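These are the residues of each chain, in order.
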Amino acid sequence: MENTNNVPVHVSIIMDGNGRWAKEKDLDRAAGHIEGVESVRACTEAAVECGVRYLSLYAFSEENWGRPQEEVNALMELMFKSMMEELSNFLSNGIRFMVLGHRERLSDKLNAMIDDCMEKTRMNDRLTLIVFLSYSGKWDILQAAKKFAAEVLSHPEDSEKLMNMDVDGFDRYLVTDGIPDPDLIIRTSGEQRISNYLLWQGAYSELLFSDILWPDFRKQEFRSALQAYSKRDRRYGKVK
Ligand code: FPP
């Protein structure tokens, strides 16, 4: 990257357009998702090359459970297979792998694979690759509020301190505890909405909407997005 001062620490991507990519080519939707995994690989490599420290991907929303069972199964199978195939790659490239979301809804088989990949890569620190699976922003805020309420109830002696908690204090109840908020959120395929993604964490993220369909979003497109980000002027509601 030319402008190394302005490399975002955390880039997050709403990967959209796999179905349309497949339809354009007269293929079934699963073929679009399979090709989408190649974009995941390319963007992960580009993130490492550019010095991005966190790359997160919205792979499956809570709402996506409502898709036809066949497509849900194909996506879950693809996640499993990708993790199995990429683990050695994560290990040799210093990538810490994480899955965040409503994990109780995932199968035991997939959860076991996720636990294995997370455990084996947890000491890596070149890039943290986060896959948001069965995730939604409202779900995250709700589960955080429930955790908070449970803590107040179980520690009445601390309730006053807890009730005085500030915005930063609430961060630790979210599934993203310890992960910096995204500097840049990219959405592919021309759609311009946040779709219940990182609602709390994305409060001050720069948004970049690309017309490119996810299976066509590769290294060059990732680098262009970082270039565009480097020209943004972030003020966080203040005057500079
Ligand atoms: C959105 O396209 C894409 C998804 C819901 C799934 C994305 C998942 C992958 C690419 C697999 C990722 C794998 C790993 C290991 C992270 P869409 O189906 O909504 O496309 P459409 O809007 O054109 O129908």
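What you see is a predicted model; the values in this text were computed from it and never measured.

**Q** Let's hear about the packing of aromatic side chains: which residues, and what values?
**A** Applying the stated criterion across every chain, the model contains 13 aromatic pairs. Ring plane angle 15 degrees and centroid distance 4.9 Å describe the contact between Phe 90 and Phe 97, whose orientation is recorded as stacked. Residue classification places Phe 90 among the buried positions, given a relative accessible area of 6%. Since its relative accessible area comes to 4%, Phe 97 is described here as buried. When the ring of Tyr 135 is compared with that of Trp 139, the centres are 6.1 Å apart and the planes differ by 80 degrees; the resulting orientation is edge-to-face. Here Tyr 135 and Trp 139 have matching classes, each one buried. Through a chain of ring-to-ring contacts, three or more aromatic side chains come together here, namely Tyr 58, Phe 132, Tyr 135, Trp 139 and Tyr 197. If you follow Lys 109 out to its NZ or CZ, it ends over the ring of Phe 80, 4.3 Å from the centre.

**Q** Outline the site of the ligand, supporting the account with residue identities and numerical values.
**A** Around the ligand there are 17 residues in total, and Asp 16, Gly 19, Arg 20, Arg 29 and Arg 67 lie nearest to it. One of the backbone nitrogen or oxygen atoms of Arg 20 is found 2.7 Å away from an oxygen atom of the ligand. Within the contact set of the ligand, an oxygen atom lies 2.8 Å away from a side-chain nitrogen or oxygen of Arg 29. More than half of the atoms of the ligand fall within 2 Å of the grid points belonging to the largest pocket. Every element with two or more residues in the shell around the ligand is listed here: helix H1 (18-24), helix H2 (29-50) and helix H3 (69-92). Its residues placed into classes, the shell around the ligand shows six nonpolar, seven polar and four charged.

**Q** Help me get a handle on the packing of H3 against helix H4 (residues 108-121), residues and values and all.
**A** Direction vectors running N to C along H3 and H4 enclose 15 degrees, while the axes themselves pass 10 Å from each other. When the interaxial angle is binned, H3 and H4 end up roughly parallel. In the crossing of H3 with H4, the sense of the turn from one axis to the other is left-handed. Here Met 76, Glu 77, Met 79, Phe 80, Met 83, Met 84, Leu 87, Phe 90 and Leu 91 of H3 lie close against H4, whose contacting residues are Lys 109, Leu 110, Met 113, Ile 114, Asp 116, Cys 117, Lys 120 and Thr 121. Residues belonging to the contact of H3 with H4 are distributed by class as follows: 12 nonpolar, one polar and four charged.

**Q** Go over the nonpolar core, please, and point to the residues and values.
**A** With 43 residues, the main nonpolar core has Ile 13, Met 83, Leu 133 and Phe 222 as its most contacted residues. If you tally residues by element for this core, the top one is H3, at eight residues. Non-local contacts of Phe 222, meaning those with residues more than four positions away in its chain, are made with Val 11, Ile 13, Cys 43, Ala 46, Ala 47, Val 52, Leu 55 and Phe 217. Ranked by size, the runner-up nonpolar core spans 14 residues in total, among them Tyr 58, Leu 100, Trp 139 and Leu 198.

**Q** I'd love a proper account of helix H8 (residues 219-230), names of residues and values included.
**A** Along its 12 residues, H8 runs 17 Å from first to last C-alpha, staying within 8% of the 16 Å computed at 1.5 Å per residue. Of the positions making up H8, those classed as buried are Phe 222, Ala 225, Leu 226, Tyr 229 and Ser 230. Looking straight down H8, one finds its buried side chains confined to an arc of 140 degrees; they lie on one side. Along its buried surface, H8 packs onto strand E1 (10-14), H2, strand E2 (54-61), strand E5 (184-187) and strand E6 (206-209).

Calculation notes
Residues numbered from 1 in each chain as written. Predicted model: local features only at pLDDT ≥ 70, side-chain atom pairs only at ≥ 80, totals over all residues. Heavy atoms only, no water. Phe/Tyr/Trp six-rings, centres within 6.5 Å; stacked < 30°, edge-to-face > 60°. Buried < 20%, exposed > 50% of the residue type's maximum accessible area, 1.4 Å probe, protein only. Lys NZ or Arg CZ within 6 Å of the ring centre and 35° of its normal. Near = heavy atom within 4 Å. Polar contact = N/O pair within 3.5 Å; in protein donor to acceptor, adjacent residues only side chain to side chain. 1 Å grid on protein atoms, 1.4 Å probe; cavity = no way out; pocket = protein on both sides within 12 Å on 5 of 7 lines; lining within 4 Å. Sits in = over half its atoms within 2 Å of the grid points. Helix = DSSP H or I, 4+ residues; strand = E, 2+ residues; numbered from the N terminus. Nonpolar A, V, L, I, M, F, W, Y, C, P; charged D, E, K, R; others polar. Axes fitted to C-alpha atoms, helices over the stretch in contact; angles between N-to-C directions. Parallel < 35°, antiparallel > 145°, perpendicular 65-115°, else oblique. Left-handed = near helix turned anticlockwise from the far one by under 90°. Contact = heavy atoms within 4.5 Å. Core = buried A, V, L, I, M, F, W, Y, C linked by side-chain atoms within 4.5 Å. Expected span 1.5 Å × (residues − 1). Arc of directions from axis to C-beta.

Geometric descriptors of this kind do not, in isolation, establish any biological role.
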